[in-house]
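Given next are the chains, with one letter for each unit.
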Amino acid sequence: MLHIHFSTADLSRIRIAQDPDPAWEILLSLHALGGPPDHVVFGPWRSETLTRVDSSTRMLLALAPPRGYSPDFLTPAGAPDVRSAVDAVVRTGRRRLRADLAQFAVRRRTPSWTRLMAEGDTETMDRLGSALNRYHDRVLARRWDRIRAVTEAERSLRARDFLDGGAERLLGGLGPLVRWEAPVLTVDYPLHQELRLRGRGLRLVPSYFCWRRPITLLDEELTPVLVYPANRGLHLLTGTERPGRSALARLLGRTRASVLEEIALSGGTTGADIARRLGMSPVSAGEHTAVLRSTGLIATHRGADSARHTLTPLGLALIEGHLPIDDLPYGTGAPGPEH
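Every chain is numbered independently, its residues counted from 1 as its sequence is written. Selection of residues for local features in this predicted model requires a pLDDT of at least 70, selection of side-chain atom pairs for listing and counting requires 80 or more, and totals for whole chains, interfaces and linings are taken over all residues. Water and hydrogen atoms were dropped before computing side-chain values, which therefore reflect all heavy atoms in the structure.

Draft legend 1. Examining the packing of helix 5 (residues 82-90) against helix 8 (residues 122-140) more closely. Comment: axis = line fitted to C-alpha atoms, over the contacting stretch for helices; angle = value between 0 and 180 degrees taken between N-to-C directions. Every helix listed is a DSSP run of H or I at least four residues long, and every strand listed is a run of E at least two residues long, numbered separately from the N terminus. Axis separation between helix 5 and helix 8 bottoms out at 9 Å; the angle between their running directions is 160°. Accordingly, the angle class assigned to the pair helix 5 and helix 8 is roughly antiparallel. In the packing of helix 5 onto helix 8, the handedness of the crossing is right-handed. Residues Val82, Arg83, Val86, Val89 and Val90 of helix 5 touch helix 8, and the partners they reach there are Met125, Asp126, Leu128, Gly129, Leu132, Asn133, His136 and Asp137. Amino acids are sorted into nonpolar (Ala, Val, Leu, Ile, Met, Phe, Trp, Tyr, Cys and Pro), charged (Asp, Glu, Lys and Arg) and polar (every other residue, Gly among them). Per-class residue counts for the contact of helix 5 with helix 8 are seven nonpolar, three polar and three charged. By definition in this entry, angles of less than 35 degrees are roughly parallel, angles greater than 145 are roughly antiparallel, angles of 65 to 115 are roughly perpendicular, and the rest are oblique. Here a crossing is called left-handed whenever its near helix is offset anticlockwise from the far helix by less than a right angle, and right-handed whenever the offset is clockwise. Contact between two residues is taken to exist if any of their heavy atoms lie within 4.5 Å; hydrogens are not considered.

The structure is reproduced here in structure tokens:
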């Protein structure tokens, strides 16, 4: 688990990135590129991308394994564009390079050239900068408008959360793997980590290539950041037919499956919004969300004047196709799928 500790001052210093963060999108897309070929979302993208990268990408994949730690210096804080981000990476000081690469070497065997990198060798760092620029130009540049559209939509949703319910609503709406219980934000995380903000605030970065769980830097002394999936479910519900969609409809019924997917698409929505978007009555929307809640697929957060529905980790796993349908635990008295 990751625990992020807020003070009153930190709550007033939460910021949401205005634009996609180029360094984080590069890093997280490399995680996807090095991941499984049958990934439910990025599998087709991975197959296509592998035909366009050159040998320099091997250096990047070596520093950005799909699981585990990637050196913090690869994601400098707040670079406004890719050239600035790459320049900041190349100019990383020796102290940071040594610390990050020593941490990296604890977890895996590292290429011999990382020893030169740890000493700030100019030729090695220039090779890294060139590889980052080439990778962005060949892979991400053509997709950047799409990346920007998705992250801007997510930023608008979180801004609406803040206007409707302040920092509590904003932090509580970051996804099914994130829980806000003042003054601590708890994130389902692969390792135990404590991040104390100490009045520095928190920069929230919605990311196109961040999938399933948020991510942060390991070094607590760096500028605090939480990178999280932008518009959970948007990748799944656009483009080609998602594998397993017909099975989901058979399990839940077509209408109820549509309700679950609408909640995934929005990242958190009200019953009235569901009814309007799917063309059903508010009463019907309420009945469907009640069943989804009783089976543990969604959680409902009640505010002063509305109830907001979000996916639970179980619902997220089911809609992504990572959970066999036989694992779905129907609650006592919950009706089966309707047609």
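Now, onward.
Draft legend 2. Structural context of helix 12 (residues 271-278). Each residue's exposure class comes from its accessible area (1.4 Å probe, protein chains only) as a fraction of the maximum for that residue type: buried when under 20%, exposed when over 50%, partly exposed otherwise. Where helix 12 is concerned, the buried positions are Asp273, Ile274 and Ala275. Positive backbone phi, approximately 70°, marks Gly279, located one or two places after helix 12.

Draft legend 3. Quick peek at the packing of aromatic side chains. The pairing test for Phe, Tyr and Trp rings, Trp by its six-membered ring, is centres within 6.5 Å, and the orientation test on the planes gives stacked under 30 degrees, edge-to-face over 60, and tilted for anything in between. Tallied over the full model, the rule gives six aromatic pairs. A centroid spacing of 5.3 Å and a plane angle of 85° characterise the contact between Phe6 and Trp180, whose relative ring orientation is edge-to-face. Taken together, the residues Phe6 in the loop between strand 1 (2-5) and helix 1 (8-11) and Trp180 in strand 3 (residues 178-181) connect sequence positions 174 residues apart. For the pair Phe6 and Trp180, one class covers both residues: buried. Here the aromatic rings of Tyr208 and Phe209 are separated by 5.0 Å at their centres, their planes lie at 75°, and the arrangement is edge-to-face.

Draft legend 4. Looking closely at the pattern of salt bridges. We define a salt bridge as a side-chain nitrogen of Lys or Arg found within 4 Å of a carboxyl oxygen belonging to Asp or Glu. Counted according to the given criterion, the structure contains 18 salt bridges. Arg148 is the salt-bridge partner of Asp19, the closest N and O atoms lying 3.0 Å from each other. With Asp19 in the loop between strand 2 (14-16) and helix 2 (22-33) and Arg148 in helix 9 (residues 144-172), the pair connects residues that are 129 residues apart, well separated along the chain. On the basis of relative accessibility, which here comes to 28%, the residue Arg148 falls in the partly exposed class. The partner of Arg276 in a salt bridge is Asp273, and the shortest N-O contact between them spans 3.0 Å. Highlighted residues: Arg276 and Asp273, both in helix 12, separated by three residues, approximately one helical turn. Judged by its relative accessible area of 56%, Arg276 falls in the exposed class.

Draft legend 5. Local environment of the environment of Val89. On the secondary structure map, Val89 appears in helix 5. When its relative accessible area of 2% is taken as the criterion, Val89 is described as buried. Not counting residues up to four positions away in its chain, the partners in contact with Val89 are Phe73, Leu74, Pro76, Met125, Leu128 and Leu132.

Draft legend 6. Quick look at the confidence of the model for the protein chain. Summarising the model, the protein chain shows a mean pLDDT of 84, and 86% of its residues fall at 70 or more. At the low end of the mean pLDDT range in the protein chain sits helix 14 (residues 313-320), at 71; at the high end sits strand 1, at 97. pLDDT is a per-residue confidence score from the predictor, ranging from 0 to 100. This model gives residues 322-339 a pLDDT under 50, and the stretch forms 39 contacts once residues within four places in sequence are excluded.

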